[in-house]
Amino acid sequence: MIKLIDLEKSVRTGLNRAWILNQVNLEIKAGEFVTIMGPSGAGKTTLLNIIGMLESPTGGEYHFLDEPVHRLNERKRHDIHKQYMGFVFQAYHLIDDLTVYENIETPLLYRNVKGKDRKSIVADILDRFSIVAKKDLFPDQLSGGQQQLVGVARAVIHKPRLLLADEPTGNLHSKQGEEIMELFRELNEEGVTIIQVTHSEKNAEYGSRIIEIVDGNIRTDEQVRKSASVYGTK
Amino acid sequence: MLQNYFKVAYRHFWKHKVHLLINVLGLGIALASCVIAYLSWKFDHDFDHFHTRGEQIFRVVSIKKDNLQAFGVCPAPLAAAAKAEVSGVQDALILEFRNAVISNGKDTDRERISFTENAFFEWFDFPLLSGQIRLDDAATAVISEALAIKYFGTSDPVGQILTIYPDQPFQKQLLITGLLKDTPVNSSIQYELLTSVENMYNRDNAQVNLKDWTYLTDATFLMLKNPEDQERVSRYLEAYLPVQNQMHSDWQIEKFALQPLNTMAHHADDLRWNALGQSLPPSMVWGMTLMGILLLLTASLNFTNMSISLSGRRLKEIGVRKVIGGSRKQLIWQLLMEGLLISLIALGVGLLFTDWLLPRYNQMWTFVDLHLVFTQNLPLVAFLIAVLLTTTFIAAAYPAFYISGFNPTGIFRGKVKFAGANLFSKILLGAQVGISTIALVAGFAFTRNAEFQKNADIGFQREGIQAIRIPDEQTFRVMEANARQHPQVQAVAGVRFHIGDSAPRIEVKFKDKKQEVEFMPVGENYLEVMDIQLLSGRSFDYQLSTDFTESILINEKFADLYFQDGDPLGQQLTLFDTLRYNVVGVVKNFIQDNFHDPIRPLVLTLTKPDRFGYLVIKTQSADMLEVRDHLSVAWKKDFAQMPFEHYFQDDFLASSLKTNTNIQYIFSVFALIALLLSMTGLNSLVSLNLLKRLKEVTIRRILGARPSQIAYLLSAHFLIVAFIGLAVGGLIGLKLSEMLLNSIYQVHVGVTYFSLLVAGIVVVIVAFLTISRSIVQAITANPSDALNND
């Protein structure tokens, strides 16, 4: 699904050039549940953003589903991003002026889903995430865990193939964090490829593969168990 | 999708409703002034444009030989001659006016009578409401609705009788045959009663002979077959100069000029002896336009400022929308639509406000009549759409095109700290403060001028003076006796042209020079009653019979202009070519008409009651009404056939004062709104700055910074910008006030830095009050709260 070849990201600081990512080579297959770990400032989030096409690399190649992303124009990249990817953030990033229902619905609006379909899709997901009762509340009326549930619901409402999560449980206490991770496991088992960035060893255990990044380089890359795609979905 | 946008916009703005309300109101009022400015311009531009044959119609004006000035009058026989003999002239028409007494047997008043022919109604589009027009019959008249209501109330005027000249031996009864619609305000031709030229009598009460080259008509119009012949026809008219100049040797004409009907109102101000109306004072149009633009600028700048500061709080939404699939184009549209929504609301507010304001505005000025009409008014609709799009762009362009370009990762990492306190918003703030100061300075300048008009030494006594117009010596004697009977009357006097009733200008010859000066024949005691001061020489001696025929007083202005190098006393002046007078004294300058007109060189002669035009009565101010009523009763008893025309001296100055008060009022409202808007802007900048620097401020406080240092830290750079705006705006305001005063008044108080000082103090106080809340908040906030937030 994802293939990175000699990927680089550097920024100019004064006269020098600082590498955030340097010579990253990585291949991720569909169905994997990958955890990216490493100390602060190692480049984990940058790598996630590049994979999510929110940032552009300064060098190297990025292939997504055999498309050479590094050679595509802005519009094409936007289309791929829109079609295949979903994002979950540490700080939830819900739109404050929209209700739970409207927040979840918004990605469908950007994908021109018809009104009737939209209603049933949103209703399904509210039901599945057990947040039907909260649908008319605004984000600031929810607890952190509930907000993150909405965040995940919004990220997967359009059935993305790839879910990118940047410290999804970083702002949650452990009970809430576990719920979110369980949800991720379920999604992964349904065939969604997940890449998460985390500091938590416990969260990493939910994944099938752990990549450790230090100073912009992959230090270790170990398979902890067979990924969902290998032993198949339920 | 639109619904989603609308919900976000609605909820977002609801959270900032006070801010938004001020902005929408400000923008609405600004739009209203733009609309009024546009309507004023249009009203002025369309002066006289409602006549279908207007393109072909030209007014003949005479350029006088001795001073090369254009006069509205024209020798009477020229019309008939041009029609008969000049090729290219299809038709000719004269229009003559006279202020004369008319009566319906019960009510009597002086009105303006227009004399013309039936053709008048073929030339001009003045609609007949009922009856018919039969001006070829000299025993008929047509009247306007206004006059009909005045004399006949609600009953049908057609078929009724009005008597013209009831005070004269040649009084004449006219049958009203038709009712006309009132003339629009932007028409040069204004009528009340129209009758045949045969009913026309000159100043000496002789019937006018239109074949007499020495008789000058008030307006002569030519209808040309082809408007392009204007130049050619005016050259052909030169053929009549020799005969006119031979017949009328003391009123020699250099040439005739043709003024197109469609534009003549705009040149009428340069025309002497002009009996037709003129377009708006230019300051009325440019003043309003300038104000509209400045107000719109302030309101828009504030809008931009608000958009910037509020969009800082929407960065997250923009980032999120990008991540979940929104393209930049969609975001630009979303933000532009929000701007359009607000502008639409503001435009609605503006139009409602205009609708409310227009009748009041029309009442403020006698010479405007503006209406907000959309049907068949494509230019107005186009203007409104242009204004709407402009404000939308100003309000929304910055967030729509700039912020939508931010990268979501930058936003989420907090790299994009966007709090609106950048150079751009500081410049906006400076401009706003500047504009407010302009309005304040102008407001204070006109306030000072109002005080000046009320209290300044205008060279004569204005308290306790009233005057009544009298037609002849007998009336004067009777009314003088009546006035003297009243115990409260302190003094009475007679005069031919009273101060305030424009004295005529005549030619005076002295030292081989000829100059045009104002001519004011006064009766015994007039100078004393009016308290006109003598500067040098002596006043008239009423015992000396030669003073009535040989002595003359001049005013200071005359002496300054023409006798700089010598004593005017003892100089000989020749009036009317033959009458010689010796200058016996110089009087102090006084306002001859009102503040709009300059103080002109003036001569005063002594005259007897047979030439009097006014009886002037002096009392205590408190007794004026009582004396007026006494005189009114006496008048009705003896002279019921004539109108009782009474004036308080202040009436003559009232129009200047009203204009001044109106302008003062307009500027005060303008200043208030501009100040409110700029202070909203200042407040949002300072509080945003506080929000951004709360942590820094808290740390500094923990480290021991004094409150004054914190206040300085938060507001210094805004206050510097505000001071620059204050200084620049103040200087522009002074210049502008001076220009405006000059364009309206010939005599005014001028401008001083005092206005600037007062405006400055006001702005500074208001600015400090505005920012004090944020600063107190910064100084008293609990440090732990501020730091824990991070």
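Everything numeric here is computed off the predicted structure, so don't read it as measured data.

**Overview of the overall build of chain A**
Consideration 1: Secondary structure assignment for chain A yields eight helices and ten strands.
Consideration 2: In terms of principal-axis extent, the alpha carbons of chain A reach across some 50 × 40 × 40 Å.
Consideration 3: Every one of the 234 residues in chain A was classed for burial, and the buried ones make up 54%.
Consideration 4: Sequence separation of at least 24 residues holds for 69% of the intrachain contacts in chain A that already meet a minimum separation of 6.
Consideration 5: Here chain A has roughly 10900 Å² of accessible surface; of this, 46% comes from carbon and sulfur atoms.
Consideration 6: Side-chain charges in chain A split into 30 positive and 33 negative, and the spacing between the mean points of these groups amounts to 5 Å.

**Observations regarding the packing of aromatic side chains**
All names here are of chain B.
Consideration 1: A full pass over the atoms with the stated rule returns 41 aromatic pairs over all chains.
Consideration 2: Their ring planes at 85° and their centres at 6.2 Å tell us that phenylalanine 43 and phenylalanine 47 sit as a pair that is edge-to-face.
Consideration 3: On the basis of relative accessibility, which here comes to 7%, the residue phenylalanine 43 falls in the buried class.
Consideration 4: Every member of this aromatic cluster is reached through a ring pair, and the members are Phe50, Phe120, Phe121, Trp123, Phe124, Phe126, Tyr191 and Phe221.
Consideration 5: Of note, arginine 112 hangs over the ring of phenylalanine 97, and the distance from its end group to the ring centre comes to 3.8 Å.
Consideration 6: Over the ring of phenylalanine 548 we find lysine 608, and its NZ or CZ is 4.4 Å from the ring centre.

**What about the interface of chain B and chain A?**
Consideration 1: Of the residues lining the interface, 25 residues belong to chain B; the matching set on chain A comes to 25 residues.
Consideration 2: The largest contributions to the chain B side of the interface with chain A come from Arg11(B), Val323(B) and Ile324(B), which together make up 26% of the buried area.
Consideration 3: Seen at the junction of chain B and chain A, the total is four salt bridges.
Consideration 4: With its nearest N and O atoms 2.5 Å apart, the salt bridge here joins Arg11(B) to Glu102(A).
Consideration 5: Remark: the boundary between chain B and chain A carries twelve residue pairs in polar contact (both at pLDDT 80 or more).
Consideration 6: Residue assignment for the side of chain B that touches chain A shows that the elements contributing at least two residues are helix H1 (2–15), helix H10 (315–323), helix H11 (328–364) and helix H13 (408–412) of chain B.

**Digging into the domain arrangement of chain B**
Consideration 1: Per the domain assignment, the segments making up chain B are domain 1 (1–47 + 281–418), domain 2 (55–270), domain 3 (427–454 + 654–790) and domain 4 (465–653).
Consideration 2: For domain 2 of chain B versus domain 3 of chain B, the distance between C-alpha centres works out to 55 Å.

**Description of the sheet that holds strand S6 (residues 85–88) of chain A**
Across a sheet, paired strands are connected by hydrogen bonds in the backbone, their directions being either parallel or antiparallel.
Residue and element names in this part refer to chain A.
Consideration 1: Reading across the sheet, the six strands line up as S6-S7-S8-S3-S9-S10 and stay open at both edges, with mixed pairing between neighbours. Every other strand in the sheet has two partners, leaving S6 and strand S10 (217–223) as the edge strands with one partner each. Within the sheet, the average angular offset between the axes of one strand and its neighbour, ignoring direction, is 15°.
Consideration 2: Pairing geometry for strand S7 (residues 162–166) and strand S8 (residues 193–197), over five bridges, is parallel. Bridge assignment links leucine 164 to a residue of S8, and that residue is isoleucine 195.
Consideration 3: The sheet contacts of helix H1 (residues 44–51) involve strand S3 (33–37), S6, S7, S8 and strand S9 (209–214), and relative to S7 the element is tilted by about 155°.
Consideration 4: Contacting S6 and S7, helix H2 (residues 74–84) runs over the sheet at an angle of about 70° to S6.

**What about the packing of helix H2 (residues 17–45) of chain B against H11(B)?**
Residues and elements named next belong to chain B.
Consideration 1: Where H2 meets H11, the axes come as close as 7 Å, and the angle between the chain directions of the two elements is 50°. As far as their axial angle goes, H11 and H2 are oblique. The element H2 and its partner H11 pack so that their crossing is right-handed. In this structure, H2 uses Leu20, Val24, Leu25, Leu27, Gly28, Ile29, Leu31, Ala32, Val35, Ile36, Leu39 and Ser40 to contact H11, whose residues at the interface are Ile342, Ile345, Ala346, Leu347, Val349, Gly350, Leu351, Phe353, Thr354, Leu357, Leu358 and Tyr361.
Consideration 2: Residues belonging to the contact of H2 with H11 are distributed by class as follows: 20 nonpolar, four polar and no charged.

**Focus: the nonpolar core**
All names here are of chain B.
Consideration 1: One finds Tyr361, Tyr526, Leu604 and Phe670 to be the most contacted residues of the largest nonpolar core, which totals 119 residues.
Consideration 2: Of the residues forming this core, the biggest block, 16 residues, is contributed by helix H20 (residues 649–702).
Consideration 3: Leave out the neighbours within four places in its chain, and tyrosine 361 touches Ile36, Ser40, Met284, Met288, Val368, Leu370 and Ile666.
Consideration 4: Membership of the second largest hydrophobic core comes to 49 residues, among which are Val60, Ala82, Ile102 and Tyr151.

**Observations concerning the sheet that holds strand S5 (residues 67–68) of chain A**
Residue and element names in this part refer to chain A.
Consideration 1: An order of S2-S1-S4-S5 is seen for the four strands of this open sheet, with the pairing classed as antiparallel. If you trace the sheet from one side to the other, it starts and ends with strand S2 (16–28) and S5, each paired once.
Consideration 2: Pairing of strand S1 (residues 2–13) with S2, which is carried by nine bridges, proceeds in the antiparallel orientation. Bridging across to S2, threonine 13 finds its partner in asparagine 16.

Basis of the calculations
- Residues numbered from 1 in each chain as written.
- Chains lettered and ligands numbered in written order.
- Predicted model: local features only at pLDDT ≥ 70, side-chain atom pairs only at ≥ 80, totals over all residues.
- Heavy atoms only, no water.
- Helix = DSSP H or I, 4+ residues; strand = E, 2+ residues; numbered from the N terminus.
- Buried < 20%, exposed > 50% of the residue type's maximum accessible area, 1.4 Å probe, protein only.
- Contact = heavy atoms within 4.5 Å.
- Areas by Shrake-Rupley, 256 points an atom, 1.4 Å probe, with all protein chains shown as cover.
- Lys, Arg positive; Asp, Glu negative; His and termini not counted.
- Charge placed at Lys NZ, Arg CZ, Asp CG, Glu CD.
- Phe/Tyr/Trp six-rings, centres within 6.5 Å; stacked < 30°, edge-to-face > 60°.
- Lys NZ or Arg CZ within 6 Å of the ring centre and 35° of its normal.
- Buried area = accessible area lost by both parts, 1.4 Å probe.
- Salt bridge = Lys/Arg side-chain N within 4 Å of Asp/Glu carboxyl O.
- Polar contact = N/O pair within 3.5 Å; in protein donor to acceptor, adjacent residues only side chain to side chain.
- Domains from an automatic or database assignment.
- Pairing = 2+ DSSP bridges.
- Axes fitted to C-alpha atoms, helices over the stretch in contact; angles between N-to-C directions.
- Parallel < 35°, antiparallel > 145°, perpendicular 65-115°, else oblique.
- Left-handed = near helix turned anticlockwise from the far one by under 90°.
- Nonpolar A, V, L, I, M, F, W, Y, C, P; charged D, E, K, R; others polar.
- Core = buried A, V, L, I, M, F, W, Y, C linked by side-chain atoms within 4.5 Å.

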